[in-house]
Amino acid sequence: MYKVSSKLNLFAFVLMGLGIIATVWGFMSAPGSEDDVKEMLANEAAHHGDDHGAAADTHQVAGHGDAHHGGDHATDGDHHGGDHIEHLYHQLSNRPWAALYVACFFFFMIGLGVLAFYAVQRAAQAGWSPGLFRVMEGISSYILPGGIIMFIILLVSGLHMNHIFVWMNEGIADPGHENYDALVAGKQGFLNVPFWLFRAGAFLVGWNLYRWNVRKFSLKQDESPEGNVWHKKAFKHSAAFLVFFIVTESIMSWDWIMSFDPHWFSTLFGWYVFASMFVSGITVIALVTIYLKGKGELEWINDSHIHDLAKFMFGVSIFWTYLWFSQFMLIWYSNIPEEVTYFVTRIEDYNLLFFGMVAINFLFPLLVLMNSDFKRINWFVITAGFFILVGHYLDIYVMIMPATVGESWFIGLTELGPVMFFAGLFLFWVFRSISQAPLLPKGDPFIGESKNFHY
Amino acid sequence: MSDKTIHAFYTDDDVLLSAVKQVREKHYHIEEVFTPFPVHGLEKAMGIADTRLAINAFLYGIVGLTVATVMMNYIMIEDWPQNIGGKPSFSYIENMPAFVPIMFELTVFFAAHLMVITFYLRSRLWPFKKAENPDVRTTDDHFLMEVDVTGKDVEEVTKFLQDTGAVEINLIDKDAH
């Protein structure tokens, strides 16, 4: 039985501790009122003199051009400065919340992606992978704590303790109100806080229920492998889960991510987010497997298994790019204002990140993992995996930040704090779950094939 | 000195695979193995060097990508400038998203077709070519291993091959042809 090294646990707790400190600092340093923002701008101008005055100017220009929250800002020219300050204040106070949200979702989606991958292996009755089942079960266990925190953040947003979701603004569906937005009002039948929270809760319960059951079946199969009763049960549950998952995952991606831009929609958004979570999940399976092998565990896993995981990392990265491009090209080509604003904001305010993350997520795996021999070399897989994870964090970042903090984005302690916290929690929880059961699912009917797997 | 080979027949791919390994351990020279279907791991067991087809495929893909880029730059930008998606910038790089599907398709097209042609040439296969396999049963349900026995004790090799599971063994004297 695998025992988590105390070094790893210590590392996880240090990450969590530092993460909490940085996150709290991020919340404290967010401006408390519009006056704080005024003071901050004045300080900046005084400190840096001319250089920064120019930067502040560009801020102002960008603030007007923000097509996102409608053209209202630009029209009332009277409160030029006041509007800008208010706008900046909203963005800066959203920043710690949005940073928390991105990091929380990113690690949650890794767990969910691994769960989907595991269900695929079960439903396909794959012969190569049962040797890795305990690793996948361990990683997917993160959807319990990750899901609970995710739900708390959604609940807090729904209770108006932050304003990262524009569509929750007061009076948005009330024709007399200054916040009235006809497009969002038309979507209120679906996009209203109680139903939105209900959906989130139902999906999280459904996913966790499957994970709970299938883990139980997997352990039971080891105890009593006769007749493969538990194996068949796991097969049926996995097949049913995949149907449930692809529908709920799609709706989840509209609810939790696409609704940050409530005017905009993309019909393949669910697939796009799915590709992101799938490739991140598979990458983490590969990284954890390599780590455990380095500790002398998983002696039945050979480089053919790593090769297969690397093939999946390569293939799903290409699949992700295909979806990214399909979404981008159609909208770029047709150039319809209400659709194209999504990409205009990203190209203008997030240029480097937006195109940089495509390069990291596409070119990097393409070139590093194309060669068949490289897919069996651990450090190639680790390097590619590291960049894939960074790239997909940035992918989620670029999905969420433009609608919440707009052009006031930055990647600093405010952003790294939550990442460190959730990374620590992820490591701690995942390795704890992995250490709770024997790493070899000895009762699985395909375990012999998996042990002898050779490419 | 006469050129002699033995044709050993097998009826099962697993038996064949283990026979190939044993023959190589004994340091007999296997000239060729004929099988009715691709046998997984056979090249490795026979000690054949890895295929370089993959490197070719990569190079062919780059050729395809280049052809697509040059072709569309000439057609859509230089020779008859087109207004693409209401954005008449007449620049290849600015209109690139519109060209990506064709760039992708031609990359795949070139890689796939040239790879097949290379494979045929390398395997010396062309239309109206006469089949090379020495026994028609290798296209049905038999596996054939050609072992060079020039200067070796034919009796001993035959006995050894029978032990590896061969169902039929013929001695072929190439000079007789």
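Model, not experiment: these values are computed from the prediction.

Asker: Go over the interface of chain A and chain B with me, naming the residues and quoting the values.
Answerer: Contact with chain A, which involves seven residues of that partner, is made by six residues of chain B. Looking at side-chain class alone, the side of chain A that touches chain B contains five nonpolar, two polar and no charged residues.

Asker: So what's going on with helix 13 (residues 337–349) of chain A? Residues and values would help.
Answerer: All names here are of chain A. Counted at 1.5 Å a residue, the expected span for helix 13 with its 13 residues is 18 Å, and the 17 Å between its end C-alpha atoms agrees. Roughly 30° is the biggest bend found in helix 13, and it falls at F343. Regarding helix 13, the residues found buried are Y342, T345 and D349.

Asker: So, unusual backbone geometry: which residues are in play, and what are the values?
Answerer: Look at A:Q125: it is not a glycine, yet its phi comes out positive at around 50°. Mapped onto the secondary structure, A:Q125 falls in the loop between helix 5 (80–123) and helix 6 (133–140). Its identity as a non-glycine residue notwithstanding, B:H27 has a phi of 65°, on the positive side. Here B:H27 is to be found in the loop between helix 1 (13–25) and strand 2 (29–34). Residue classification places B:H27 among the exposed residues on the basis of 6 C-beta atoms within 10 Å.

Asker: Which residues make up helix 1 of chain B, and what values do they have?
Answerer: Residue and element names in this part refer to chain B. The first and last C-alpha atoms of helix 1 sit 18 Å apart over 13 residues, in line with the 18 Å expected at 1.5 Å per residue. When we look at burial in helix 1, the residues that qualify are L16, A19, V20 and V23. For helix 1, the buried positions fall inside an angular range of 105° around the axis, keeping them on one side. Exposed positions of helix 1 whose direction lies more than 90 degrees from the buried face are D14 and E25. Those residues of helix 1 that are buried are in contact with strand 1 (4–10), strand 2, helix 2 (42–46) and strand 3 (143–148). Backbone geometry just downstream of helix 1 places H27 in the positive-phi region, at approximately 65°.

Asker: I'd love a proper account of the environment of B:S18, names of residues and values included.
Answerer: The topology assignment puts B:S18 in helix 1. Measuring from C-alpha to C-alpha, the distance between B:S18 and B:A45 comes to 8.6 Å, with 27 residues separating the pair along the chain.

Asker: Outline the packing of helix 12 (residues 303–334) of chain A against helix 15 (residues 378–404) of chain A, supporting the account with residue identities and numerical values.
Answerer: Residue and element names in this part refer to chain A. Running from N to C, helix 12 and helix 15 cross one another at 30°; their axes reach a closest spacing of 11 Å. When the axes of helix 12 and helix 15 are compared, the pair comes out roughly parallel. In terms of crossing hand, the pair formed by helix 12 and helix 15 is left-handed. When helix 12 is examined against helix 15, the residues I306, A310, M313 and S317 are found in contact with a partner set consisting of N378, V381, A384, G385 and I388. Broken down by class, the residue content of the contact of helix 12 with helix 15 amounts to six nonpolar, three polar and no charged.

Asker: Hey, could you go over the nonpolar core for me, with residue numbers and the actual values?
Answerer: Core analysis: the largest hydrophobic core is formed by 114 residues, its most contacted members being A:V102, A:F105, A:F107, A:I285, A:M313 and A:I400. Setting aside its immediate chain neighbours within four residues, A:I400 contacts A:A98, A:Y101, A:V102, A:I257 and A:F260. Judged by nonpolar contacts, the second largest core, of 15 residues, contains B:A8, B:Y10, B:L16 and B:L161.

Asker: Go over the sheet that holds strand 2 of chain B, please, and point to the residues and values.
Answerer: Residue and element names in this part refer to chain B. Pairing in this open sheet of four strands is antiparallel, and the strands run 2-3-1-4 from one edge to the other. Of all the strands in the sheet, the pair left with one neighbour each is strand 2 and strand 4 (168–173). Here the strands of the sheet are splayed against their neighbours by 20° on average, with no regard to which way each runs. Strands strand 1, strand 2 and strand 3 of the sheet are contacted by helix 1, whose axis makes an angle of about 10° with strand 3.

Asker: How would you explain the confidence of the model for chain B if you had to name every residue and give the values?
Answerer: Residue and element names in this part refer to chain B. Residue-level pLDDT values for chain B average 89, and 97% of them are 70 or greater. Mean pLDDT values for the elements of chain B range from 86 in strand 4 up to 95 in helix 3 (residues 53–79). What the predictor reports for the complex is a pTM of 0.87 with an ipTM of 0.78.

Criteria and thresholds
- Residues numbered from 1 in each chain as written.
- Chains lettered and ligands numbered in written order.
- Predicted model: local features only at pLDDT ≥ 70, side-chain atom pairs only at ≥ 80, totals over all residues.
- Contact = placed C-beta atoms within 7 Å.
- Nonpolar A, V, L, I, M, F, W, Y, C, P; charged D, E, K, R; others polar.
- Helix = DSSP H or I, 4+ residues; strand = E, 2+ residues; numbered from the N terminus.
- Expected span 1.5 Å × (residues − 1).
- Bend = angle between axes of the 7 residues up to and from the residue.
- Buried ≥ 20, exposed ≤ 12 C-beta atoms within 10 Å, placed from the backbone.
- Arc of directions from axis to C-beta.
- Axes fitted to C-alpha atoms, helices over the stretch in contact; angles between N-to-C directions.
- Parallel < 35°, antiparallel > 145°, perpendicular 65-115°, else oblique.
- Left-handed = near helix turned anticlockwise from the far one by under 90°.
- Core = buried A, V, L, I, M, F, W, Y, C linked by C-beta atoms within 7 Å.
- Pairing = 2+ DSSP bridges.
- pLDDT = per-residue confidence, 0-100.

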